[in-house]
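Report on the structure
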Amino acid sequence: MFSFFLRRVAIALPTILLISVFVFALQKLLPGDPLLVLAGEERDPEVLEFLREKYRLNDPIPVQYLTWVGNALQGDLGTSFRTNQPVTELIAQKLPVTIQLAVMSLIFAVVIGIPAGILSAYRKGTVTDYVANVVALSGLSIPNFWLGIMLILLVSVKWQLLPASGYVPPGEDLWQSIRTMLMPAFVLGTALAATLMRHTRSAMLGVLTSDYVRTARAKGLSERKVVLKHAFRNALTPIVTLTALLFGELIAGAVLTEQIFTIPGFGKLVVDAVFNRDYAVVQGIVLVTAVGFIFMNLLADMAYFLLNPRLRNA
């Protein structure tokens with residue numbers, strides 16, 4: 001297992017290095033100068049020169065990149081041009097909010113998507129299968145921002161069951177924190193549940209017709225054991241992969257949902273940073289998000305190893 005893990009890490013490290021190059025290079029290609037905002041309305045050339053020296057923007061681009069990477073390896077992602085706060089501090093403030101939203105959304109996706117996919121595959125060609133596919137297609141087609149607005153109008157404004165927006169940290173009030181996150185988590189979770197349902201259905205259809213499933217039925221095992229213990233267990237590999245990728249997608253792509261529900265997470269932070277041309281913050285968020293994706297893929301690979309006896313035997 002250790003050698004398997006080392007091989008995956010050996011693949012991940014060059015990927016992270018390549019991502020850092022792209023992140024830094026693309027930032028340099030963006031139009032505009034963020035220092036013009038800091039220099040004030042007069043934009044005194046001496047002030048601009050002082051700021052360029054302060055942020056080392058007069059150095060050659062390769063030197064700037066190496067400095068940025070060296071600092072990032074030490075946990076320093078730079079300083080926000082706008083707030084003068086360390087980027088790592090900003091990320092540390094916002095990341096727990098987005099992780100909470102991502103975890104709750106993934107719970108909705110797994111609880112809805114996987115059982116629906118199993119049932120749809122088991123009842124292939126029946127009304128249940130068609131209904132599940134129609135619901136999944138609807139979940140993929142309905143925009144998150146529209147569903148979020150409709151839920152706010154119905155659940156919050158009309159029925160007054162849940163808060164329309166805002167965020168309460170779990171440390172202050174756990175129940176209120178869950179209540180404020182339920183609607184945005186449901187909005188994100190339903191879209192992911194549709195994707196998870198389709199992949200679960202495809203994986204289950206492939207294993208339900210296999211020889212070992214027919215053998216299990218011939219032995220007289222109950223359908224519940226055949227479907228859940230034999231078929232679903234062997235269909236888990238692609239489902240685990242997708243779930244890990246979906247979690248990474250949630251961390252990176254909850255921008256619109258966080259804006260609609262006024263959640264102070266990664267999405268709102270990156271939108272504000274882009275509008276303010278706060279490139280240090282944008283670089284830090286993109287780099288952390290990319291590393292998170294790679295880390296989730298690494299966890300998925302380790303889950304393969306634990307779930308698939310053939311990998312362990314090899």
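Residues numbered from 1 in each chain as written. Predicted model: local features only at pLDDT ≥ 70, side-chain atom pairs only at ≥ 80, totals over all residues. Heavy atoms only, no water.

Overview of the overall build of the protein
When you go through the protein residue by residue, the secondary structure sums to 15 helices and zero strands. By principal-axis analysis of the C-alpha atoms, the protein measures approximately 85 × 60 × 35 Å. Contacts in the protein between residues far apart in sequence, at least 24 positions, make up 70% of those at least 6 positions apart. A total accessible area of about 17400 Å² is found for the protein, and carbon and sulfur atoms account for 66% of it. (Helix = DSSP H or I, 4+ residues; strand = E, 2+ residues; numbered from the N terminus. Contact = heavy atoms within 4.5 Å. Areas by Shrake-Rupley, 256 points an atom, 1.4 Å probe, with all protein chains shown as cover.)

Re the packing of aromatic side chains
Per the counting criterion, the structure on display carries four aromatic pairs. Seen in terms of ring centroids, Phe24 and Tyr65 are 5.6 Å apart; in terms of plane orientation they differ by 65 degrees. Their pairing is edge-to-face. Remark: Tyr65 occurs in helix 4 (residues 61-73) and Phe24 occurs in helix 1 (residues 2-29); sequence separation between them is 41 residues. When sorted by exposure, Phe24 lands in the same class as Tyr65, which is buried. Between Phe108 and Phe186 the ring centres are 5.6 Å apart and the planes differ by 85 degrees, which places this aromatic pair in the edge-to-face class. Here Phe108, found in helix 5 (residues 87-122), pairs with Phe186, found in helix 8 (residues 174-208); they are 78 residues apart in sequence, far enough to count as distant. Accessibility expressed as a relative area gives 22% for Phe108, which makes it partly exposed. Taking the relative accessible area as the measure of exposure, Phe186 reaches 32% and is therefore partly exposed. Cluster of aromatic residues (ring-pair linked, three or more members): Phe24, Tyr65 and Trp68. (Phe/Tyr/Trp six-rings, centres within 6.5 Å; stacked < 30°, edge-to-face > 60°. Buried < 20%, exposed > 50% of the residue type's maximum accessible area, 1.4 Å probe, protein only.)

Quick word on the side chain of Thr200
Along the chain, Thr200 turns up in helix 8. What makes Thr200 buried here is its relative accessible area of 0%. From its side chain, Thr200 meets the backbone oxygen of Leu196 in a polar contact 2.7 Å long. (Polar contact = N/O pair within 3.5 Å; in protein donor to acceptor, adjacent residues only side chain to side chain.)

Concerning the packing of helix 6 (residues 127-141) against helix 8
Axis separation between helix 6 and helix 8 bottoms out at 7 Å; the angle between their running directions is 140 degrees. With respect to each other, helix 6 and helix 8 are oriented oblique. Read as a crossing pair, helix 6 and helix 8 show a hand that is left-handed. On helix 8, the residues touching Asp129, Ala132, Asn133, Ala136, Gly139 and Leu140 of helix 6 are Ala191, Ala194, Thr195, Met197, Arg198 and Arg201. Tallied by class, the residues present in the contact of helix 6 with helix 8 amount to six nonpolar, three polar and three charged. (Axes fitted to C-alpha atoms, helices over the stretch in contact; angles between N-to-C directions. Parallel < 35°, antiparallel > 145°, perpendicular 65-115°, else oblique. Left-handed = near helix turned anticlockwise from the far one by under 90°. Nonpolar A, V, L, I, M, F, W, Y, C, P; charged D, E, K, R; others polar.)

A closer look at unusual backbone geometry
Glycine aside, the phi torsion of most residues is negative, and most peptide linkages are trans. Phi angles above zero are rare outside glycine, and Gln160 is one such case at about 55 degrees. If you trace the backbone, Gln160 turns up in the loop between helix 7 (144-158) and helix 8. For Gln160, a relative accessible area of 64% puts it in the exposed group. At Thr262, a position not held by glycine, the phi torsion is positive, near 55 degrees. Mapped onto the fold, Thr262 is located in the loop between helix 12 (255-260) and helix 13 (266-275). Thr262 sits in the partly exposed class, given a relative accessible area of 42%.

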